[in-house]
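Here is what each chain is made of, one letter per residue.
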Amino acid sequence: MTAAERAATTRTTAARTTTDRDTAGPSAVRSVEPSAAPVLTAADLTAADLIADPGAHRVLTGDRPTGPLHLGHYFGTLQNRVRLQDQGVEMFVLVADYQVITDRDLADRLAEHTENLVLDYLAAGLDPERATIFAHSAVPALNQLLLPFLSLVSVAELSRNPTVKDEIAHSSQAAVNGLMFTYPVHQAADILFCKADLVPVGQDQLPHLEVARTVARRFNERYPHADGSAVFPRPRALLSEAPMLLGTDGGKMSKSRGNAVALGADEDETARIIRGARTDADRRITYDPTGRPGVSGLVLLAALCQDRAPETIAEEIGDGGAAVLKRTVIESVNEYFRPLRVRRAELATDRGHLRQVLRAGAERANAIADATLAEVREVMGAI
C-alpha cells in the first residue's frame, strides 16, 4: 500500500457506467448506461473494470496555463494521469488557455505558459503518442458546443453553483464577466466534445461536473438519435486518493501564493523554499494534520516521495525538530524529482517539439470535435 493510499480519506462506491463506441469514429456512441452514482475513486475504478477493459474509458483532464505546475499538481493529478495512461485509458489533456481570462483582465505570457505546461506534462511522463494534449483555442468546434449547451441550463442554476460563487468571491476583477458566469457550461463542452466518461477532479470541482452531467442528460432527453439512443455519456468524477498538499505557509499550495515548489525548480531553489516553510514550536515531530498542519504537510511530502507512511517518517525524526524534518524533506524531494528534472531540462532545449505536440493534439481533437458537432447538428435538425 502506498503512502497516498494510506492517507486517503475519501472513498465512494460507484456503479459501473459503460459506453460503447462503434467503428463509425471516435466520437460515435451507440448506447449509454446512466450511472447511478456520479463519483468514484481510482481504487473503485480499478476494482470495477479498468484492468479488464481500460479501452472502455475516456478521460478528460487539464490545467489553465497560468504558471508552472508544482508538487501539489504532481501528487494530486499528474501522477494519476500517467498511471491511467500507462494502463491503457484513452487520455485527453486540455491546456485551457481560453479559461485563463475567466478571472483576470489579461492572459499574461500565455504562449510561454502554454509551452511550459506541455513541458511539465511530458517531463512527468505523459506521452503524446498515447495522450492527446491540445489547447482550447485550437479547437473551434469544441467551443461552438457552448451555444446549444447554454440553452439547457438556467441562469438561476448557474447562480447557485457553489464553485462559481467561490470563484467570483475570490476574483481579482471588479465585475463578473460572462465567461466566468458560464464557466461550468464551457467545462461541460470540454468534457462532452470527446465524450469523456471519467473526469479527474478535486472535491471542490464536483458541482462543475454535475453541470456537465445535467447538460448531457437534458441534451439526450431533448435530442436523442432517431433510434432513441443517447448522444452523450453522463461523465463521472474520478476523485484522486492523493491527499492535498499544503504550501510552505500552511495554506493551500497554489501558483499564485508563492508557497509551492515548482516541478522545474532546481535543487538549491527547492532547499531554499522548504527551509522557509512554516512549522511550530514543538520540537518533537508528529503527524497530526488537524493539530499541526504545517509540520504534517512537510512530513506528508517526504512520505509521498519515499512511498512510506507519514507516521513512520514522523517517528523516525522524533525529537530532531524542524531542522531535521526540513532536511529530510529536501533530500526526499530532490531525490524523487531528479529524473523528472533531467527530462525536463532536456525537453526544454527543443521548444519546437513542444509546439509540435500541441499541433498534433489539436489535429486529433479537431477531428473528434468536428464529428461531435456534426452529430449534434444532425440530432438538432440544423441545416
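These numbers were taken from a predicted model, which means no experiment stands behind them.

Rules behind the numbers
- Sequence order as written defines residue numbering, which begins from 1 separately in each chain.
- Per-residue local features are limited, in this predicted model, to residues with pLDDT of at least 70; the limit for side-chain atom pairs, both in listing and counting, is 80 or more; totals at the level of whole chains, interfaces and linings are taken over all residues.
- To get the side-chain values, all heavy atoms of the structure are used, and hydrogens and water are removed first.
- The secondary structure listing takes helices from DSSP runs of H or I that are at least 4 residues long and strands from runs of E that are at least 2 residues long, numbered from the N terminus.
- Pairs of residues are marked as contacts when any of their non-hydrogen atoms sit within 4.5 Å.
- In this description, accessible areas are obtained by the Shrake-Rupley approach with a 1.4 Å probe, and a residue is regarded as covered only by the protein chains that are shown.
- Any Phe, Tyr or Trp ring, taking Trp's six-membered ring, that has another such ring centre within 6.5 Å forms a pair; planes under 30 degrees apart are called stacked, those over 60 apart edge-to-face, and the others tilted.
- Summary of the burial criterion: residues with accessible area below 20% of their type's maximum are buried, those above 50% are exposed, and those between are partly exposed, where the area comes from a 1.4 Å probe applied to protein chains only.
- The criterion for a charge sitting over a ring is simple: Lys NZ or Arg CZ within 6 Å of the ring centre, and within 35 degrees of the ring normal.
- Multiplying one less than the number of residues by 1.5 Å gives the expected span of a helix.
- N or O atoms closer than or at 3.5 Å make up a polar contact, with two conditions inside protein: a donor-capable atom paired with an acceptor-capable one, and, for residues adjacent in sequence, both atoms drawn from side chains.
- Salt bridges are defined by distance alone: a side-chain nitrogen of Lys or Arg within 4 Å of a carboxyl oxygen of Asp or Glu.
- For this analysis, a nonpolar core means a set of buried residues of the types Ala, Val, Leu, Ile, Met, Phe, Trp, Tyr and Cys, connected via side-chain atoms within 4.5 Å.
- Axis definition: a line fit to C-alpha positions, over the contact stretch in the case of helices; interaxial angles, taken between N-to-C directions, run 0 to 180 degrees.
- Each angle is binned into one of four classes, with values under 35 degrees roughly parallel, values over 145 roughly antiparallel, values of 65 to 115 roughly perpendicular, and all other values oblique.
- It is the rotation of the near helix from the far one that decides the hand of a crossing: anticlockwise by less than a right angle makes it left-handed, clockwise makes it right-handed.
- Residue classes follow a fixed rule: Ala, Val, Leu, Ile, Met, Phe, Trp, Tyr, Cys and Pro count as nonpolar, while Asp, Glu, Lys and Arg count as charged, and any other residue, Gly among them, counts as polar.

Asker: Help me understand the overall build of the protein in this model?
Answerer: On a plain count of helices and strands, the protein comes out with 16 helices and 6 strands. Across the protein, every contact between residues at least 6 apart in sequence was considered, and the portion connecting residues at least 24 apart equals 78%. When the accessible surface of the protein is split by element, carbon and sulfur atoms take 52% of a total near 16,800 Å².

Asker: For this particular structure, what's the right way to read the packing of aromatic side chains?
Answerer: Working definition: an aromatic ring pair is given by the centre-to-centre distance plus the angle between the planes. Taken as a whole, this structure holds 12 aromatic pairs when the rule is applied. An angle of 90° between the planes, with centres 5.1 Å apart, marks the rings of Tyr 74 and Phe 75 as edge-to-face. Pair check on accessibility: Tyr 74 and Phe 75 agree, each one buried. Seen from their ring centres, Tyr 74 and Phe 337 are 5.0 Å apart, and the 75° between their planes marks the pair as edge-to-face. Here Phe 337 lies in helix H15 (residues 321-347) and Tyr 74 lies in helix H3 (residues 71-86), a separation of 263 residues in the sequence. Across the pair, exposure class does not vary: Tyr 74 and Phe 337 are buried alike. Its end group placed over the ring of Phe 232, Lys 195 keeps NZ or CZ at 5.8 Å from the ring centre.

Asker: Please explain helix H11 (residues 206-222) as it appears in this structure.
Answerer: Here H11 contains 17 residues, and its C-alpha end-to-end distance of 24 Å stays within 8% of the 24 Å for a straight helix at 1.5 Å per residue. Within the sequence span of H11, burial applies to Leu 206, His 208, Leu 209, Val 211, Ala 212, Arg 213, Thr 214, Val 215, Ala 216, Phe 219 and Asn 220.

Asker: Please explain the side chain of Asp 120 as it appears in this structure.
Answerer: The topology assignment puts Asp 120 in helix H4 (residues 110-124). Looking at Asp 120, its side chain comes within polar contact range of the main-chain nitrogen of Leu 69, at 3.2 Å.

Asker: Help me understand the pattern of salt bridges in this model?
Answerer: Any two side chains of opposite charge can pair, on the condition that their charged atoms come close. Summed over the entire model, instances satisfying the criterion amount to 19 salt bridges. Of the charged contacts, one joins Glu 315 and Arg 284 as a salt bridge, the two residues approaching to 3.7 Å between their closest N and O atoms. Of this pair, Glu 315 sits in helix H14 (residues 310-317) while Arg 284 sits in the loop between helix H12 (267-275) and helix H13 (293-306), and the two are 31 residues apart along the sequence. A relative accessible area of 33% means that Arg 284 is categorised as partly exposed. Several salt bridges converge on common partners, so that one network encompasses Arg 58, Glu 90 and Arg 364.

Asker: What is the right way to read the nonpolar core from this model?
Answerer: Inside soluble globular proteins, nonpolar side chains tend to come together where they are buried. Of all hydrophobic cores here, the largest spans 57 residues; its most connected members are Leu 71, Tyr 121, Ile 133 and Phe 337. When residues in this core are grouped by element, the largest group, 9 residues, is from H13. Residues contacting Tyr 121, with those up to four places away along its chain left out, are Gly 62, Asp 63, Leu 69, Leu 78, Arg 81, Val 93, Leu 94, Val 95, Leu 126 and Ile 133. If you look at the next biggest cluster of nonpolar residues, it comprises 42 residues, including Phe 92, Ala 216, Ile 368 and Leu 373.

Asker: Please clarify how the packing of helix H10 (residues 183-192) against H11 should be interpreted in this entry.
Answerer: When two helices pack together, their arrangement is given by the angle between the helix axes and by the axis-to-axis distance. Direction vectors running N to C along H10 and H11 enclose 65°, while the axes themselves pass 8 Å from each other. Classed by the angle they form, the pair H10 and H11 counts as roughly perpendicular. In this structure, the crossing between H10 and H11 has a hand that is right-handed. For the pair H10 and H11, the contacting residues are Tyr 183, Pro 184, Val 185, Gln 187, Ala 188, Ile 191 and Leu 192 in the first and His 208, Leu 209, Val 211, Ala 212, Val 215 and Ala 216 in the second. Per-class residue counts for the contact of H10 with H11 are 11 nonpolar, 2 polar and no charged.

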